[in-house]
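Each chain is listed here by its residues.
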Amino acid sequence: MNVDNSKGTKSIQLYRIKPSFLHLNVIPFIIIYIYLFYLYSTTPIEPILNNNDTTLIKPNSTIISGGDIISETTNSTSSEIKEDGSEENQVEFNLHIFLLCSTMALHFISYLFNHWSIDYKCFVTMKKVDNIKYATHAKVTPGKHMGIKQLCPISRHLHRPPSSISSSSTSNSNNTGTISAKHLSEKEFKDLQYSIEFQKRKLVYNPDKKQFEKIKFHIPLDSEELLNQVRSYETEEQIELATMKYGLNRFDIPIPTFLALYKEQAMAPFFVFQVFCVLLWCLEEYVFYCLFSLFMLLVFEATVVKSRLSNLNSLRNMSSKPTFPIYVYRLNQWKQINTTGILPGDIVSIGRGANEATSTLPCDMILLSGGCVVNEAMLTGESTPHHKESIKDRKSTKPLDLKNEKIHILYGGTTIVQHTPSEKLLRISKPPDKGCIAYAYKTGFNTNQGRLMRTIWFSSERVTANNKESFLFILFLLTFAIAASAYLFNKGIRENNRSKYKLLLNCIMVITSVVPPELPMELSLAVNNSLISLIKLGIYCTEPFRIPFAGKVDVCCFDKTGTLTTDDLVLQGIANCPKKYLIKDSENIDYEDTTKKEEKEESTSSSSSSSSLSSSSSSFVSNSTETTFVQPSELGDIIQFILAGCHSLVLIDNKLVGDPMEMAGLKSIPFTCKADKITHQKKPITIDVVHRYHFSSELKRMTTICNVVYTSNFQTNAYAFSKGAPEIMKPFYNEKSLPENYDQCFKSYSRQGSRVLSLGYKRLESGLNASQYKSMERNSIESNLEFAGFIIFDCPLKPDSKESIEMLMNSSHRIVMITGDNSLTACHVGKQLSFVQENKQTLILQQKNQKEQEQEDDKKENISSRNNNNNNNNLEGEWISVDESIIIPLEKDNENHLIQLDKKYNLCIGGNSLNLVIGNKVLEKDLYLVKVFARVSPEQKQMILTNFKVNGHYTLMAGDGTNDVGALKQAHVGIAILNKGEFKPPPEINLREIFNQAKQRQMQEQLRRSGDPRAAAELAQKQAADLAKRMQDENEVQMVKLGDASIAAPFTSKSSAVKPITHIIRQGRCTLVTTFQMYKILALNSLITAYGLSVLYLDGVKLGDTQATISGMLIAVCFLFISTSKPLMKLANKRPNPNLFSPYMMCSILLQFALHLSCIIFIVHQSQLRIGTNRPDPDSPFAPNLLNSAVFLMSNAMQVATFAVNYKGHPFMQSLSENKPLLYALSFVWGLGLLLATEIMPPLNSMLELVEFPDSTFRLYMVGAIILDLVGAWFIEKNKASQFIFVENFSNNLTSLNFLFGSEARNYTFLGAHYLFCEHLCGIPHTVERPIKIKISNQ
């Protein structure tokens, strides 16, 4: 069945549950049970024998026809007399009993599969149907990384309140309003509403489209309808229907009990497999080893359950938003209800309460009347307050755009810090609490806050590697295990004195050894440690599966303002300011008669705008045209009025907060700002802000309407003050006021990296009230403005930006800037950060002959649509250098055009010309070669990231979490950088120092209490408990909390620095490498185990219980220490190999296994030479002998060599010498092996069930084999480059060719074949760009 295009839901299929006796895992197994019991009761006991060999006839047996043997003994065991006279009880193998037990095991597993696989459960217990009338459940398949499949019961409700439903139509269900279709008439059946709940979101069936859809909230998008016709709920029946449809406004998160959650964990596939493996070893009489393994598994699962419960409780606590009484307009009157009772469609009164809890918005709303200032830090992480305006002030007649017109939207979970009481609406009276009137349109989990919570809850799956590659890797190992198992069975079945029961047991153990039981535990440790490390650095992750992606990133994209540069702007001055606005020309103005003076000023010729200023002004020369630059202190009043009145600052608790650029501008002039009232500090002038047209990323400008009041004579003049991007503002100015060097001036400052805004103003008709000003069209207010100069801000880089960018460039990453700022400014910042090369000129792509069209679009407020909707087939482009000395036409049909340009120039594309490349299939594949994207809208940022991903790049995007939301979500690794200052990580716990301090405090307390030992003991116990709690908090993965994460990105950094981006990449590389090396170590151990359980088993080799326990503890401890490895502070100059299944990995594993195999075969051969024909029986209990002792020592040495050699270390993580716990553990075990091999301490050998070696030659062989195994494995792994040196060097050269020539290099057959071999087959990653010179012919 189809499903609407809602994010997170891929497909929905309908099923009807079958009766229990028709389940596919019931009837077939009952038939098999009956048949096996029949065979068991009618067929004599027959042991399996080999028909090809001579039959061994036991005493008291009778031969019958066909060669069968019937034992006359009645016991289940047969006694065999060995040569030494001892008896051995051997379990007799019976085929029917074995088949019966196997069937029971399969039946049990089939029931477990109902819990493991939704697809299997649907196939076995349900029937797929097409008509929802007959369906009982719906199988919902979510999108990638959006949770797991879920089988949701279908609820049926009538389209009327429960009170009106007849009792005969109500089924015996605990859910109110749940209807049984069979009791309904045809008319009632048509009125049924089918719905399911998936991931805490209700989906409703649409019978016309025959698909499930999200609940459609009735949201009137027409402003007139919202203001004049909406009246909320007028009857109790409507309220009951809405409650039944939408539910309550709360986050209902059930918390299971510890036992219920533990049962769920215990039924997981890997845990069942782990327990199964433990039971297999238990059947081999390894009691202590099995108890140790089982204890380790149970404790690990208990810690997982405890962590899950803690996270669920945290999620529930942060979801339990404060509830308080609130006024809603229902039944034609204002009445108080609890916030949990708010329904979509309610008219609500909201405002700042007595505390933060009562000031929190309970749901998503549209502001109808009044004004608000809200703090959205809980969702976006941005602490800058946002103005919210009512739709009464909205001028556009188009439907309300909930996505882009956020100025009218109030989001649940945000806090109101200031509000203006609302006015009376046409059909709704003023609220009694003097709050703002808002329309609730989404509640509960459907709000923005609910979406963030569902992301945290359902996207927290732990993916540590490519599942497909992991599966192929296990299949690769499985081939060896099957071969070893087949060899074991083939050899063992020919020896009739062998126990067939133990033979089959060992064959199963060989196959299961391919997937080590500790695999999920070790992989979980790697990811959890990365999460813990990131949280300590102030980085929070809501989607942990993205951590390994950070290790594969090759393109790093950055926003500029607030990400690479600081928000603490410095006002440098005003450029190109007309002379009439300078203080020396306006200081003698008589404010008693301002109207006449201003009219006189406006009649002054605009030619003075380009005149030179006093010697205190700095000047810049460009193309022989002089532009002026003055300090704010030299400005006249009209320019200061613009800086003082055109802002969106807010006064909260007597503190002015808002945009840093506006704060810097206001600090430079002698005005005191109190939100909408600004007062001159020396002159009798007051500015009242009447109305604002707020800044938006689409329009790139803002305008305010202000009354300038001269308090000395109470005369008021009305002005429109505007500011915005220079190229955007130019069409709005009076041509007479524009200087001739307008473009030349702002470009010269932009080239120096300054942030430039154009200032303008306009006299309006005075004496009008606020409503009359608000009713004016924005186009008329912003037309025919007077140009007042360019305001120049210095936008300094963040202290660590250059260092961090250089670190990323040196670690084989391509840096791209994607910003809404000016192209020239962005390119200058790129040069400061060195990813835009100084020795190359920069080309900016522009459209030909588009100036007139741009001016017309700007006036129509249609910039974003122009950027996105131009038909690029009819447009021509050209590359123009920054100094406009080079012009190169855009070759839209040349597939190597961007590659050729990238060799000589830095490339930059603006938002108005982006459509010339994106959408062009010839050029867009090489879009990653562009280093700067400027003046792009948020939608275009997302398009750019999508292009990178489609063309095979792993992308990282870092932004400030506001205009970058789409791009941050689109990238593989999206990082929201919250400008909350520098994050100081908590100090690491120094156990020795803490214990010393505790001991000193204990002694002091004991002395103070006159040596009271009980008090001292209590103090010590308390301090130990505090230390344990600190250690637990330090090493426990905590769920991300609201405020720490944002809705913007999977990763959120609480620091304003750029350095956390390198931390995420370092942790990602470390996690990726750790995961791969774990697979490699486990693979070698599995192959060695498979050999030991097959070939060596036939030779009678087995380990003692103590030996197996020690070996298991060694593996567990070493894996624990590997998972705690920390990444290096410096990023490596190459990326790790992203492919698990690669020839390098396979060759390394096979060569090391061959070495280990050779060493152990040699030792086994030497042991067999010394024990002669007195070899142990494979089916006999363990008894210490020379063969077992030698194999145990050799196996431990191989395990140590496997860990030590395959530990990756530099350049991605700590080296083995730096990972002290692992180094000490491996050194101790390897040294202990040498100590045991030399037999220096015989009692120690006896304790470990080792026999004395027969001669010194054998001891020498043992020591030599242990040393050779370690040194040889090290040589194979560390010197693998000698085998692939030509491939690696060739790959490096081809990488450079790829960066320099792009697809051109791939056109050459020879290079293309080797490029494919090196990167995709051999898995050798790209390294740093190293340009080379090579002459290639077309042949």
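Basis of the calculations
Residues numbered from 1 in each chain as written. Predicted model: local features only at pLDDT ≥ 70, side-chain atom pairs only at ≥ 80, totals over all residues. Heavy atoms only, no water. Helix = DSSP H or I, 4+ residues; strand = E, 2+ residues; numbered from the N terminus. Buried < 20%, exposed > 50% of the residue type's maximum accessible area, 1.4 Å probe, protein only. Contact = heavy atoms within 4.5 Å. Areas by Shrake-Rupley, 256 points an atom, 1.4 Å probe, with all protein chains shown as cover. Pairing = 2+ DSSP bridges. Axes fitted to C-alpha atoms, helices over the stretch in contact; angles between N-to-C directions. Parallel < 35°, antiparallel > 145°, perpendicular 65-115°, else oblique. Left-handed = near helix turned anticlockwise from the far one by under 90°. Nonpolar A, V, L, I, M, F, W, Y, C, P; charged D, E, K, R; others polar. Polar contact = N/O pair within 3.5 Å; in protein donor to acceptor, adjacent residues only side chain to side chain. Core = buried A, V, L, I, M, F, W, Y, C linked by side-chain atoms within 4.5 Å. Patch = residues over 30% accessible without salt bridge, like charges linked within 9 Å, V, L, I, M, F, W, Y side chains within 5 Å. Salt bridge = Lys/Arg side-chain N within 4 Å of Asp/Glu carboxyl O. pLDDT = per-residue confidence, 0-100. Phe/Tyr/Trp six-rings, centres within 6.5 Å; stacked < 30°, edge-to-face > 60°.

Of the regular secondary structure elements, the protein holds 42 helices and 46 strands. In the protein, buried positions account for 53% of the 1339 residues. Long-range pairs, those at least 24 residues apart, make up 74% of the contacts in the protein with a sequence separation of at least 6. Here the protein displays about 60900 Å² of accessible surface, and carbon together with sulfur accounts for 55% of that area.

With six of its seven residues buried, strand S11 (residues 192–198) lies for the most part within the structure. Sheet topology note: the S11/strand S12 (residues 201–206) ladder contains four bridges and is antiparallel. Directly across from Phe198, in S12, lies its bridge partner Arg201. In this antiparallel pair of consecutive strands, S11 and S12, the connection spans two residues, and Gln199 shows a positive phi of 50 degrees.

It is the contact of helix H33 (residues 1059–1098) with helix H34 (residues 1105–1123), at a shortest axis distance of 11 Å, that shows an interaxial angle of 165 degrees. With respect to their mutual orientation, H33 and H34 come out roughly antiparallel. Relative to H34, H33 is oriented so that their crossing is right-handed. Of the residues in H34, those in contact with Thr1074, Gln1077, Met1078, Ile1081, Leu1082 and Asn1085 of H33 are Ile1115, Phe1119, Ile1122 and Ser1123. Residue composition of the contact of H33 with H34, grouped by class: six nonpolar, four polar and no charged.

Quick look at helix H3 (residues 118–125) now. Residues Cys122, Val124 and Thr125 constitute the buried set of H3. Taking the backbone nitrogen of Asp119 as reference, a side-chain oxygen 3.4 Å away marks Ser117 as the first, capping residue of H3.

Attention shifts here to the sheet that holds strand S21 (residues 415–420). The strand order S19-S18-S21 describes an open sheet built from three strands, whose pairing is antiparallel. Looking along the sheet, the strands with just one partner apiece sit at the ends: strand S19 (386–389) and S21. Taken pair by pair, the neighbouring strands of this sheet meet at an average axis angle of 25 degrees, ignoring direction. Bridge count between strand S18 (residues 371–375) and S19: four bridges; the pairing is antiparallel. In the sheet register, Gly371 faces S19, and the bridge partner there is Glu389.

Let's shift gears to the nonpolar core. Counting 48 residues, the largest nonpolar core has Phe473, Ile1149, Ile1160, Leu1193, Met1194 and Met1262 as its most contacted members. Counting residues per element, the ones that place at least two in this core are helix H12 (467–494), H33, helix H35 (1143–1171), helix H36 (1186–1206), helix H37 (1220–1238) and helix H39 (1256–1278). Filtering out sequence-adjacent residues up to four positions away, Leu1193 remains in contact with Gly1233, Leu1236, Ala1237, Leu1250, Phe1253 and Met1262.

Take unusual backbone geometry next. The phi torsion of most residues other than glycine is negative, and most of the peptide bonds are trans. Cis rather than trans, the peptide bond between His1210 and Pro1211 has omega equal to 10 degrees. In this fold, Pro1211 is placed in the loop between H36 and H37. For Gln199, which is not glycine, the phi dihedral falls at a positive 50 degrees. Summarising the element assignment, Gln199 is placed in the loop between S11 and S12. Residue Gln199 is classed as buried on the basis of its relative accessible area of 7%. The backbone of Lys434 sits at a positive phi, close to 55 degrees, despite the residue not being glycine.

Now for the environment of Asp688. Among the structural elements, Asp688 can be located in strand S33 (residues 685–693). According to the relative accessible area criterion, Asp688 is partly exposed, its value standing at 24%. Each C-alpha atom of the pair Asp688 and Val708 lies 6.5 Å from the other, and the pair is 20 residues apart in sequence. The contacts of Asp688, once residues within four sequence positions are left out, are Asp676, Lys677, Ile705, Cys706, Asn707 and Val709.

Here the focus is a nonpolar patch on the surface. Together, Phe21, Leu22, Ile27, Ile30, Ile31 and Ile34 make up an exposed nonpolar region whose accessible area comes to about 580 Å². Within the secondary structure, Ile34 sits in helix H1 (residues 27–42).

Summed over the entire model, instances satisfying the criterion amount to 25 salt bridges. In this structure, the salt-bridge partner of Asp902 is Arg814, at a minimum N-O distance of 3.5 Å. Linking Asp902 in helix H28 (residues 897–904) with Arg814 in strand S38 (residues 814–818), this pair joins segments that are 88 residues apart in sequence. Classification of Asp902 as buried rests on a relative accessible area of 6%. The partner of Lys1080 in a salt bridge is Glu1277, and the shortest N-O contact between them spans 2.6 Å. Taken together, the residues span a long stretch of sequence, with Lys1080 in helix H33 and Glu1277 in helix H39 at a distance of 197 residues. Glu1277 matches Lys1080 in its accessibility class, with the two residues each being buried. Salt bridges linked by common partners bring Lys560, Glu727, Asp821 and Arg935 together as one network.

Running from amino to carboxyl end, H1 crosses helix H2 (residues 95–116) at an angle of 165 degrees, the nearest separation of the two axes being 10 Å. Between H1 and H2, the crossing angle belongs to the class labelled roughly antiparallel. You can see that H1 and H2 cross each other, and the crossing is left-handed. On H2, the residues touching Phe29, Ile32, Tyr33, Leu36, Phe37, Leu39 and Tyr40 of H1 are His96, Ile97, Leu99, Leu100, Thr103, Met104, Leu106, His107 and Ser110. A breakdown of the residues in the contact of H1 with H2 according to their chemical character gives 12 nonpolar, four polar and no charged.

Right, let's get into the environment of His387. Tracing the chain through its elements places His387 in strand S19. For His387, a relative accessible area of 17% translates into the label buried. Considering only alpha carbons, one finds His387 and Leu649, 262 residues apart in sequence, at a separation of 8.9 Å. Every residue in contact with His387, bar those within four places of it in the chain, is listed here: Cys372, Val373, Ile407, Ser648, Leu649, Val650, Arg692 and His694.

Ordered in space as S23-S46-S45-S44-S24-S38-S43-S42-S39-S40-S41, the 11 strands form an open sheet in which the pairing is mixed. Each having just a single partner strand, strand S23 (539–541) and strand S41 (887–889) make up the two edges of the open sheet. Adjacent strand axes in the sheet meet at a mean angle of 20 degrees, parallel and antiparallel pairs treated alike. Looking at chain direction, S38 and strand S43 (residues 932–934) are connected through two bridges and run parallel. Within S43, the position partnered with Met817 by the bridge is Val932.

This part takes up the pairing of strand S37 (residues 786–794). Of all nine residues in S37, eight are buried; the element is thus mostly enclosed. Strand direction decides the pairing type here: strand S25 (residues 570–575) and S37, joined by five bridges, are antiparallel. Its bridge partner being in S37, Val570 is matched across the sheet by Asp794. Of the strand pairs in this sheet, strand S36 (residues 755–764) and S37 are connected by seven bridges, and their pairing is antiparallel. Directly across from Val756, in S37, lies its bridge partner Ile792.

Mean pLDDT over the protein stands at 75; residues scoring 70 or higher make up 73%. Across residues 162–184, where pLDDT falls below 50, the model places 37 contacts with residues more than four positions away in sequence or in other chains. Within the model, the stretch residues 1281–1339 combines pLDDT values under 50 with 92 contacts to residues more than four positions away or in other chains.

What follows concerns the environment of Ser1056. Along the chain, the position of Ser1056 falls in the loop between strand S46 (1051–1053) and H33. Look at Ser1056 and you get buried, because its relative accessible area is 18%. Sequence separation between Ser1056 and Ala976 is 80 residues, and the spatial gap between their C-alpha atoms is 9.7 Å.

This brings us to the packing of aromatic side chains. Throughout the structure, instances matching the rule amount to 21 aromatic pairs. Their ring planes at 65 degrees and their centres at 5.0 Å tell us that Phe113 and Trp116 sit as a pair that is edge-to-face. With Phe113 and Trp116 both in helix H2 and three residues apart, this pair spans about one turn of that helix. By relative accessible area, which is 33% here, Phe113 ends up partly exposed. When the ring of Phe217 is compared with that of Tyr246, the centres are 5.3 Å apart and the planes differ by 10 degrees; the resulting orientation is stacked.

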